[in-house]
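Architecture and fold: a report
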Amino acid sequence: MDQIRITQLKSRVSLVVCVMDALTSQAPLGNSTTVHLEGTRSKAIRKSNGSYIFNDLPPGEYRLLVQSEYYFHERTYITIGTDNFIEVVQLKPLPSYPFSQGAGLIRVMLRNSAGAPIRDAQLQSAVLTEDCARARLMVDQADKGALEMTLG
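Described below are features of the structure shown in this document. Model, not experiment: these values are computed from the prediction. The residue numbers shown here count from 1 along each chain, following its written sequence. Restriction of local features to residues with pLDDT of at least 70 applies here, the model being predicted, together with a cutoff of 80 or more for giving and counting side-chain atom pairs; totals for whole chains, interfaces and linings are based on all residues. Excluded from the side-chain calculation are hydrogens and water; included are all heavy atoms of the structure.

Quick notes on the sheet that holds strand 5 (residues 60–67)
- The antiparallel open sheet is built from three strands, whose spatial order is 2-5-6. In this open sheet, the two edge strands, each paired with only one partner strand, are strand 2 (34–38) and strand 6 (74–80). Within the sheet, the average angular offset between the axes of one strand and its neighbour, ignoring direction, is 30°.
- Any two strands are treated as partners once DSSP identifies two or more bridges connecting them. Each helix is a run of H or I in the DSSP string that is no shorter than four residues. Each strand is a run of E no shorter than two, and both are numbered from the N terminus. Both strand 5 and strand 6 contribute to a ladder of seven bridges, which runs antiparallel. Orientation is described by lines fitted to C-alpha atoms, with helices fitted over the stretch in contact, and by angles between N-to-C directions that extend from 0 to 180 degrees.

A few points about the sheet that holds strand 1 (residues 13–21)
- The sheet built from four strands is open, its strands ordered 3-4-1-7 with mixed pairing. Edge strands, defined here as strands with exactly one partner in the open sheet, are strand 3 (45–46) and strand 7 (85–91).

Description of the pairing of strand 1
- Pairing geometry for strand 1 and strand 4 (residues 51–55), over five bridges, is antiparallel. Directly across from valine 16, in strand 4, lies its bridge partner isoleucine 53.
- The pairing of strand 1 with strand 7 spans seven bridges and is parallel. Counterpart to valine 16 in the pairing with strand 7 is isoleucine 86.

Re a nonpolar patch on the surface
- On the surface, a cluster of nonpolar side chains totalling about 310 Å² of accessible area is made up of Val108, Leu110, Ile118 and Leu123.
- Mapped onto the secondary structure, leucine 110 falls in the loop between strand 8 (106–108) and strand 9 (149–151).
- Partly exposed describes any residue whose relative accessible area lies between the buried limit of under 20% and the exposed limit of over 50%, with all areas from a 1.4 Å probe on protein chains only and scaled to the type maximum. Assessed through its relative accessible area of 31%, leucine 110 is described here as partly exposed. Like charges are joined within 9 Å and nonpolar side chains (Val, Leu, Ile, Met, Phe, Trp, Tyr) within 5 Å, but only among residues with over 30% relative accessible area and no salt bridge; these make up the patches. Using the Shrake-Rupley algorithm and a 1.4 Å probe, accessible areas are obtained, with residue cover drawn only from the displayed protein chains. We count a salt bridge whenever a side-chain nitrogen from Lys or Arg sits within 4 Å of a carboxyl oxygen from Asp or Glu.

Remarks on the nonpolar core
- Leu15, Val17, Val35, Leu37 and Leu64 are the most contacted members of the largest nonpolar core, which has 17 residues in total.
- Going through the elements one at a time, strand 1, strand 2, strand 4, strand 5, strand 6 and strand 7 are the ones with two or more residues in this core. By nonpolar core we mean a set of buried residues, namely Ala, Val, Leu, Ile, Met, Phe, Trp, Tyr and Cys, connected to one another through side-chain atoms within 4.5 Å.

Quick notes on unusual backbone geometry
- At serine 25, a position not held by glycine, the phi torsion is positive, near 60°.
- Within the secondary structure layout, serine 25 lies in the loop between strand 1 and strand 2.
- Taking relative accessible area as the criterion, serine 25 reaches 40% and is therefore assigned partly exposed.
- One non-glycine residue with positive phi stands out, namely aspartate 56, at about 55°.
- Secondary-structure assignment places aspartate 56 in the loop between strand 4 and strand 5.

What follows is the structure, given as structure tokens:
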């Protein structure tokens, strides 16, 4: 008589990373997006909806790195507790991004002579031509007090 052994494995979802294109609010272009936590062996499970899941992470602080072909790399620190955690990462297009005809992207960051970001700086701009009027400031993509803004 054969013996049958049944084992159930349970995993706890520790982190869900939702990655999106900051310009279109859609999934990133291409198939080259990678998501990982620096300093861990834990691998993300890619879901069909474009999200990435990490299971069974011990509580603590982690550095999340998201890389993709047409976007600037994003690094952020996150703290994992005992509850499920969702992190939304908006990827900002590189100059090599395949923008639609007539579209472009301007990014500005004010820095002092030592290269550090200037806090509480105020920047004013003016639309000089009708062509420039088609751009929009993507304030919905900026965090309150952000030192960097995007025009789309």
